[in-house]
Amino acid sequence: MMGRTGLAMLVVAVLMGCAPATGTGGGTAAAADGAPATQARGGPAPEPPAGTAPPRPPGTPRTLVEGLTVPWAIAFLPGGDALITERDSARLLRITPQGRSSGVGVIDGVSPRGEGGLLGVAVSPTYSKDHFIFVYFTANDDNRVVRYRYDGGLSAPTPILTGIPKGSIHNGGRLEFGPDGYLYVSTGETGEERLAQDRNSLGGKILRMTADGRPAPGNPFGTLVWTYGHRNVQGMAWDPKGRMYATEFGQDKYDEINLIEKGHNYGWPEVEGAGGGNRFTDPLLTWIPSEASPSGLAYAGGSLWAAALRGQRLWQIPLREDGAVERPVARFTREYGRLRAVATAPDGTLWLTTSNRDGRGSPRPGDDRVLVVSVR
Ligand SMILES: [Ca+2]
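Residues numbered from 1 in each chain as written. Predicted model: local features only at pLDDT ≥ 70, side-chain atom pairs only at ≥ 80, totals over all residues.

**Observations regarding the overall build of the protein**
Thinking step 1. For the protein, the helix and strand inventory stands at 3 helices and 25 strands.
Thinking step 2. For the protein, the residues scored as buried account for 53% of the 376 residues in total.
Thinking step 3. Considering only contacts within the protein whose residues lie at least 6 apart along the sequence, 55% involve residues at least 24 apart. (Helix = DSSP H or I, 4+ residues; strand = E, 2+ residues; numbered from the N terminus. Buried ≥ 20, exposed ≤ 12 C-beta atoms within 10 Å, placed from the backbone. Contact = placed C-beta atoms within 7 Å.)

The following block contains the structure:
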């Protein structure tokens with residue numbers, strides 16, 4: 001773990017050693033407010049070689065679907081269609097790559113309030129055999145993960161995990177299957193900060209489980225907990241080498257991107273951002289919340305992509321071979337408003353959703369929408 005002095009030197013090295021953000025597609029906003037507040041904890045050699053090319057910019061987004069209300073998560077079926085949740089209506093939609101939308105069903109028992117509602121969705125990695133899909137939602141008394149069979153319609157609802165703490169804020173809610181075939185679930189501390197450090201609470205954690213909701217083999221504490229010390233994680237992604245990354249909403253100083261490693265403690269509420277010393281794992285990178293507030297996270301084309309709510313932009317975070325992050329580049333700043341979900345489609349494009357109807361945005365005609373972006 002790196003001490004404060006080392007970190008400070010790295011920040012300076014990163015700021016001095018990288019190409020300026022102007023000219024890399026991020027627009028003036030990235031140059032104006034992107035650079036000074038960004039810290040990075042790289043590998044042993046943070047300074048890129050001279051002449052390192054800026055990351056390749058994404059294509060121009062096109063609108064695939066309009067007229068949604070707070071779409072929260074995207075998960076792809078094997079044929080390339082996507083399942084998309086709507087937080088407040090509790091609707092589950094199916095959307096084709098051509099933009100045709102149909103209702104799959106309304107999820108039973110959702111109690112939307114504040115940041116809670118129908119949140120994450122995931123498709124079983126063995127869907128062709130079991131037809132399982134999974135949703136994460138806020139119910140009357142808890143947050144929970146429910147498995148359905150989806151075969152034309154929804155059937156056989158089975159709560160596989162109940163009793164996740166709920167609140168009007170910080171409900172976590174992302175569901176992703178890892179390359180190991182297990183289901184990862186991000187939870188929030190619901191505004192009760194102490195839950196994050198309590199390894200016996202399901203709040204403020206990243207959980208790892210089987211399709212039946214049991215602790216996955218190899219979990220560090222023999223429980224569902226994979227990592228702890230989280231405030232509110234709403235984005236998880238893996239690179240091609242199997243390294244796991246997550247976004248984290250900070251309180252008022254630092255939003256984070258973390259490298260997620262088994263059993264680690266990510267510091268909340270003792271530490272926000274870097275400076276965890278030997279006790280806590282520092283983030284790979286931080287932003288001030290006004291330029292980020294990152295929700296969804298995806299990997300595509302050599303970069304992580306973080307959808308920013310308050311920051312109203314898509315952050316491109318180039319990854320090096322060794323898993324270290326390079327300086328992030330802001331894309332589409334304020335062009336589409338608040339961005340919530342980002343997912344990599346089977347064809348390699350990124351799908352994004354806006355979140356301008358969540359009570360904190362300024363809806364524009366057509367909101368909320370699903371956008372498709374080429375990253376090749
Ligand atoms: Ca942290």
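**As for the pairing of strand β20 (residues 303-308)**
Thinking step 1. Counting buried residues in β20 gives 6 out of 6 residues, a clear majority hidden from the surface.
Thinking step 2. Of the two faces of β20, the one carrying S303, W305 and A307 and the one carrying L304, A306 and A308 are both buried.
Thinking step 3. Where strand β19 (residues 294-300) and β20 come together, 5 bridges link them in antiparallel fashion. Paired with Y299 across the bridge in β20 is L304.
Thinking step 4. A loop of 2 residues connects β19 with β20, the two strands running antiparallel in sequence, and G301 in this loop sits at a positive phi of about 55°. (Pairing = 2+ DSSP bridges.)

**Observations concerning the sheet that holds strand β22 (residues 329-331)**
Thinking step 1. Judged by pairing direction, the sheet is antiparallel, and its 4 strands sit side by side in the order β19-β20-β21-β22 without closing on themselves. Each edge of the open sheet is held by one strand with a lone partner, namely β19 and β22. Taking the axes of each pair of neighbouring strands and ignoring which way they run, one obtains an average angle of 25° across the sheet.
Thinking step 2. When strand β21 (residues 313-318) meets β22, the two strands line up antiparallel, connected through 3 bridges. Bridged to L314 within β22 is R331. (Axes fitted to C-alpha atoms, helices over the stretch in contact; angles between N-to-C directions.)

**Structural notes on the nonpolar core**
Thinking step 1. Within the largest apolar cluster, 96 residues are counted, with the highest numbers of intra-cluster contacts made by V121, V342 and L352.
Thinking step 2. Ignoring any residue separated from it by four or fewer positions in sequence, one finds V342 in contact with G296, L297, A298, W305, A307, L314, L350 and L352. (Core = buried A, V, L, I, M, F, W, Y, C linked by C-beta atoms within 7 Å.)

**Quick look at the sheet that holds strand β10 (residues 153-164)**
Thinking step 1. Pairing is antiparallel in the open sheet, where 4 strands are placed in the order β7-β8-β9-β10. Either end of the sheet is taken by a strand with one partner, and the two such strands are β7 (118-123) and β10. Taken pair by pair, the neighbouring strands of this sheet meet at an average axis angle of 20°, ignoring direction.
Thinking step 2. Taken together, the 7 bridges between strand β8 (residues 132-138) and strand β9 (residues 143-151) define a ladder with antiparallel strand orientation. Looking at β9, one finds that V135 is bridged to V146.

**Comments concerning the environment of H131**
Thinking step 1. With respect to the helices and strands, the residue H131 is situated in the loop between α3 (127-130) and β8.
Thinking step 2. A residue is classified by how many C-beta atoms lie within 10 Å of it, and H131, with 17 of them, is partly exposed.
Thinking step 3. Along the primary structure H131 and R149 are separated by 18 residues, whereas in three dimensions their C-alpha atoms are 5.4 Å apart.
Thinking step 4. Beyond its immediate chain neighbours, meaning those up to four positions away, H131 contacts R149, Y150 and D151.

**Here we look at the pairing of β8**
Thinking step 1. Among the 7 residues of β8, 7 are classified as buried, and the element is accordingly described as predominantly covered.
Thinking step 2. The alternating pattern of β8 places F132, F134, Y136 and T138 and I133, V135 and F137 on opposite faces, both of which are buried.
Thinking step 3. The pairing of β7 with β8 spans 4 bridges and is antiparallel. What sits directly across from A122, in β8, is F134.
Thinking step 4. Turn length for the β8-β9 hairpin, with the two strands adjacent in sequence and antiparallel, is 4 residues.

**Focus: the confidence of the model for the protein**
Thinking step 1. Chain-level statistics for the protein give a pLDDT mean of 89 and a share of 86% at 70 or above.
Thinking step 2. Across residues 1-37 the pLDDT falls below 50, and counting only partners more than four positions away or on other chains, this stretch makes 63 contacts in the model.
Thinking step 3. When the criterion is pLDDT under 50, residues 41-51 qualifies, and its contacts beyond four places in sequence or with other chains add up to 23 contacts. (pLDDT = per-residue confidence, 0-100.)

**Side note on unusual backbone geometry**
With the exception of glycine, most residues fall at negative phi, and the peptide bonds are largely trans.
Thinking step 1. For the bond from W268 to P269, the omega torsion is 0°, close enough to zero to count as cis.
Thinking step 2. With respect to the helices and strands, the residue P269 is situated in the loop between β17 (255-260) and β18 (285-287).
Thinking step 3. The peptide bond linking D367 to D368 adopts the cis configuration, its omega dihedral lying at -10°.
Thinking step 4. Mapped onto the elements of the fold, D368 is located in the loop between β24 (350-354) and β25 (370-373).
Thinking step 5. At H131, a residue that is not glycine, the phi angle is positive and equals roughly 55°.
Thinking step 6. Of note in this structure, S293 is not a glycine but carries a positive phi near 50°.
Thinking step 7. Inspection of the secondary structure puts S293 in the loop between β18 and β19.

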